[in-house]
2 protein chains.
Amino acid sequence: MKLANRMKDLKPSDIREVGKIIAQKTGAISFAGGLPAPELFPAEKLDKVTQRLLQTNASEALQYGPTLGYGPLRGKIAELMSREGVVANVNNICITAGSQQALSLTTMMFLNPGDTVIVENPSYLGAFSAFQPFEVNFMGVDTDDDGMDIEKLEQVIKSTPSAKLIYVIPNFQNPTGRTWTLERRKQLLAIANKYDIAIMEDNAYGELAYEGERIPSLKSLDTEGKVMYLGSFSKILCPGFRVGWICAEANQIEKFELLKYGADLQNNQFSQMQIYEFLNSYDLDEHIAVIKSEYKIRRDLMLKVIEEKFPSEAKYIRPNGGMFVWMELPEHVNTRELLVKSLEKNIGFVPGGSFYAGGECENALRLNFSNMDREKIVEGMEILAQVLRDNI
Amino acid sequence: MKLANRMKDLKPSDIREVGKIIAQKTGAISFAGGLPAPELFPAEKLDKVTQRLLQTNASEALQYGPTLGYGPLRGKIAELMSREGVVANVNNICITAGSQQALSLTTMMFLNPGDTVIVENPSYLGAFSAFQPFEVNFMGVDTDDDGMDIEKLEQVIKSTPSAKLIYVIPNFQNPTGRTWTLERRKQLLAIANKYDIAIMEDNAYGELAYEGERIPSLKSLDTEGKVMYLGSFSKILCPGFRVGWICAEANQIEKFELLKYGADLQNNQFSQMQIYEFLNSYDLDEHIAVIKSEYKIRRDLMLKVIEEKFPSEAKYIRPNGGMFVWMELPEHVNTRELLVKSLEKNIGFVPGGSFYAGGECENALRLNFSNMDREKIVEGMEILAQVLRDNI
């Protein structure tokens, strides 16, 4: 049987492939995946609310529920949006299977085969995997410390009539850790309005700020309904529940409902209610504070080893939040080859080339600091320093 | 912003729309949705295994997991496949967000825009919603008490070069309740092999048999890897977890992994582990026996009211299993109009026209007997009998 054309160019995610190799090694230290610290999951609190749920409301929690999500949780999420300066109500929220599904549904909503998504260069590689099955093109626009290069963006839009969507991660970007300035955000919106192009604002990491002021979200600056805001509980609660959301105009959410219904009818009802009960019973800010305090320490430990032990040719970006340190090595170093050597020493990372729309830039790497404990960060980074010294 | 072409023809599911209306009425009796009986969910047992999970293995249960699903659950599902006469191992299983997602991913795997899915006439309307966003056509082939009309099927295939996939529900079909004979199953496979077309075998209801022998699944008869078998825990455990699966050849499962990754990275890890622990700790057959015993009583009560109180012009199919009774009224009766009158009396059902690929046949209706308790079935069916008598 012939497969559909879309299957032709699909290939496994480098993150997941590195993860599979690491899972088979004992004692490996992984800076590869974007995994939260499992020891910080609020297991006891979730145990309490889950028991209550199963003992008092199992018939609702285990049953089918609405396509757009569990109503009370949608309401809570609408309230959470005020943290991002967005005035929203339940009709502005569609709950999705993590923000990954939101990437997929937004692509479906706006793009025909042959259309183009504009992404930051580099950008989250899982987003490429969400776009690809819809046979769209993606095109990278370079970024600097302030965000996307807006002049280049406008050039690309002018020369690419098929451009229909711009995908950005303005806070503690994956993979670079960079945060867009307010000025750039305003410029991006002006461009989107001028050329009538939708924006997908992925804010998976916004709550994980270790320093600096919160900068208004694109959605909070959006006066024309151009921004599809993607949020997630994966990094602030746990990823195992697969609960994320889209915040958009109510008439857009009605369209997302049709796509969500076709894709999987609805999200896991049980986990939506677990999260609702958790938010209702405990202080989310208190929990986020615990995560931030630990991740900040881990980031600082990672940066300390880099400063003290890495060869000076390794250039890196100091992130003010999120989960990643981005590093560029001299151009002659191929980090896919470096990974092979690093894995021999039981250390994993993701080669930077995977994050580029065009596959260019093979001399960078992404290091995650949230998943390993403090000791392993120091131990693993010291080994990696040695691998680098041996191979630069 | 212009939406993608696929958004043009999408419309809300009639099942969900009727459900929304009913949810707003107090004391309504619904024969509309395909909902299980919530009072039969094994809440206490799930409470026990869930507590154990959160107290002993929260760091795995709340974390990201593999794209194809939680390994031990994939193994258990492979074992379950032996009930259908299928020899499978972990590499033959991709866990999906209910079988709805399996419908969507299988469409993506085999169909280009403009290609055609052949469906039973009538068929599950949620499947149409899964197909539509991929801009495919669907074409219905009439069925009789033994299954699809194979001669007509072959004619359609011969005259439709774009036909790439045949979607069938061989056991206790939704909406008709019919079950395919072994002979028809073999004929279908012969056709699929002859014309090199993939089959999607949806077996959501197979375990809910109230009488009769189990007939071998299409997958068990499949010697050429043509059948994508779709299974689900929604009807035998609970739908709130959204856990279903695809059973296919290992090299096909590798392709599904790429689609699943793009669509949502992976299923809810927590609920996969809940189900695994449930299957490991309790006897699934014992639980299914409880469900079957109650549903059989409810079916019999529904049929009794039909026999005794419905006008004789109402022709219905007696189902040997599943959740639905299919009824055809005289041709002049439009069941969409009938529904309006029925809802005035607080009774819901799904008009039959929704289940036809071409929208023909507006004089049928689908009645669900699993979700309402015995008293409500009798009460609601008696009211519906009166509505029919007043409107035929």
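One can find the structure itself at the top, above this paragraph.
What you see is a predicted model, and the numbers here were worked out from it, not measured in a lab. (Residues numbered from 1 in each chain as written. Chains lettered and ligands numbered in written order. Predicted model: local features only at pLDDT ≥ 70, side-chain atom pairs only at ≥ 80, totals over all residues. Heavy atoms only, no water.)

Asks: Whenever I open this one, the interface of chain B and chain A confuses me. Can you help?
Replies: With 82 residues of chain B at the interface, the matching set in chain A holds 82 residues. Summed over both sides, the interface of chain B with chain A buries roughly 6,500 Å², with 60% coming from carbon and sulfur. Of all residues in chain B, M1, R16 and Y64 of chain B give up the largest surface area on contact with chain A, accounting jointly for 13% of the area buried on that side. Here chain B and chain A share two salt bridges between them. (Contact = heavy atoms within 4.5 Å. Buried area = accessible area lost by both parts, 1.4 Å probe. Salt bridge = Lys/Arg side-chain N within 4 Å of Asp/Glu carboxyl O.)

Asks: How do you make sense of the nonpolar core when you look at a structure like this?
Replies: Most often, soluble globular proteins keep nonpolar side chains buried together rather than apart. Counting 176 residues, the largest nonpolar core has L367 of chain A together with L367 of chain B as its most contacted members. Sequence-distant contacts of L367 of chain A, that is, excluding residues within four places in its chain, are made with F31, M302, I306, M323, F324, V325, M327, F349, M381 and L384 of chain A. The next biggest cluster of nonpolar side chains, apart from the first, holds 71 residues, and it includes A61, I236, F270 and Y276 of chain A. (Core = buried A, V, L, I, M, F, W, Y, C linked by side-chain atoms within 4.5 Å. Buried < 20%, exposed > 50% of the residue type's maximum accessible area, 1.4 Å probe, protein only.)

Asks: How do you make sense of the sheet that holds strand β11 (residues 324-328) of chain B when you look at a structure like this?
Replies: Strand-to-strand pairing in sheets goes through backbone hydrogen bonds, with the strands running parallel or antiparallel. Residues and elements named next belong to chain B. Spatially, four strands are ordered β10-β11-β14-β13 in an open sheet, and the strand pairing comes out antiparallel. Edge positions in the open sheet fall to β10 (315-317) and β13 (350-351), since each of these has one partner strand only. Taken together, the two bridges between β13 and strand β14 (residues 364-368) define a ladder with antiparallel strand orientation. Bridge pairing in β14 places P351 opposite L365. (Pairing = 2+ DSSP bridges. Helix = DSSP H or I, 4+ residues; strand = E, 2+ residues; numbered from the N terminus.)

Asks: Is there a simple way to explain the relation of the copies chain B and chain A in this structure?
Replies: For the pair of chain copies, the relating operation is a rotation around an axis with a shift along it. Expressed as a screw operation, the relation of chain B to chain A combines 0.0 Å of axial shift with a rotation of 180 degrees, fitting to an RMSD of 0.0 Å. Between the two chains, the operation in question is that of a two-fold axis. When the interface residues of chain B are mapped onto chain A, 100% of them are again interface residues, pointing to one common binding face. (Least-squares fit on C-alpha atoms with pLDDT ≥ 70 in both.)

Asks: What is the right way to look at the packing of aromatic side chains in this model?
Replies: Aromatic rings in a pair are described by how distant their centres are and how their planes are angled relative to each other. Per the counting criterion, the structure on display carries 22 aromatic pairs over all chains. Taken together, a centroid distance of 5.3 Å and an interplanar angle of 85 degrees make the contact between F270 of chain A and F241 of chain B edge-to-face. With one member in each of two chains, F270 of chain A in helix α11 (residues 269-281) and F241 of chain B in the loop between β8 (227-232) and β9 (244-247) form a pair that bridges those chains. The exposure class assigned to F241 of chain B is buried, which follows from its relative accessible area of 1%. Seen in terms of ring centroids, W326 of chain A and F355 of chain A are 5.9 Å apart; in terms of plane orientation they differ by 85 degrees. Their pairing is edge-to-face. (Phe/Tyr/Trp six-rings, centres within 6.5 Å; stacked < 30°, edge-to-face > 60°.)

Asks: Mind showing me how you'd approach the side chain of E84 of chain A here?
Replies: Residue and element names in this part refer to chain A. In this fold, E84 is placed in the loop between α4 (71-80) and β2 (93-96). Here the side chain of E84 touches R214 through a polar contact of 2.9 Å, side chain to side chain. Each residue touching E84, except ones within four places of it in the same chain, is listed here: N203, E207, R214, S217, S220 and Y229. (Polar contact = N/O pair within 3.5 Å; in protein donor to acceptor, adjacent residues only side chain to side chain.)

Asks: Teacher, can you tell me more about the environment of M200 of chain A here?
Replies: All names here are of chain A. For M200, the location among the structural elements is in strand β7 (residues 198-202). M200 gets classed as buried once you look at its relative accessible area, which sits at 0%. With 32 residues separating them along the chain, M200 and V168 place their C-alpha atoms 6.3 Å apart. With sequence-adjacent residues up to four places away left out, M200 is seen in contact with A102, L103, T106, F131, L165, I166, Y167, V168, M228 and L230.

Asks: What am I meant to see in helix α14 (residues 374-391) of chain B here?
Replies: Along an α-helix, residues three or four positions apart point the same way, because every turn accommodates 3.6 residues. Residues and elements named next belong to chain B. Taking 1.5 Å as the rise per residue, α14 with 18 residues should run 26 Å; its terminal C-alpha atoms sit 26 Å apart, in good agreement. Every buried residue of α14 is listed here: I377, G380, M381, L384, A385, V387 and L388. Along the axis of α14, the buried positions cluster into a sector of 165 degrees, meaning they face one direction only. In α14, those exposed residues whose orientation departs by more than 90 degrees from the buried face are E375 and D390. Elements in contact with the buried residues of α14: β1 (29-30), α12 (284-309), β11, α13 (335-344), β12 (347-348) and β14. (Expected span 1.5 Å × (residues − 1). Arc of directions from axis to C-beta.)

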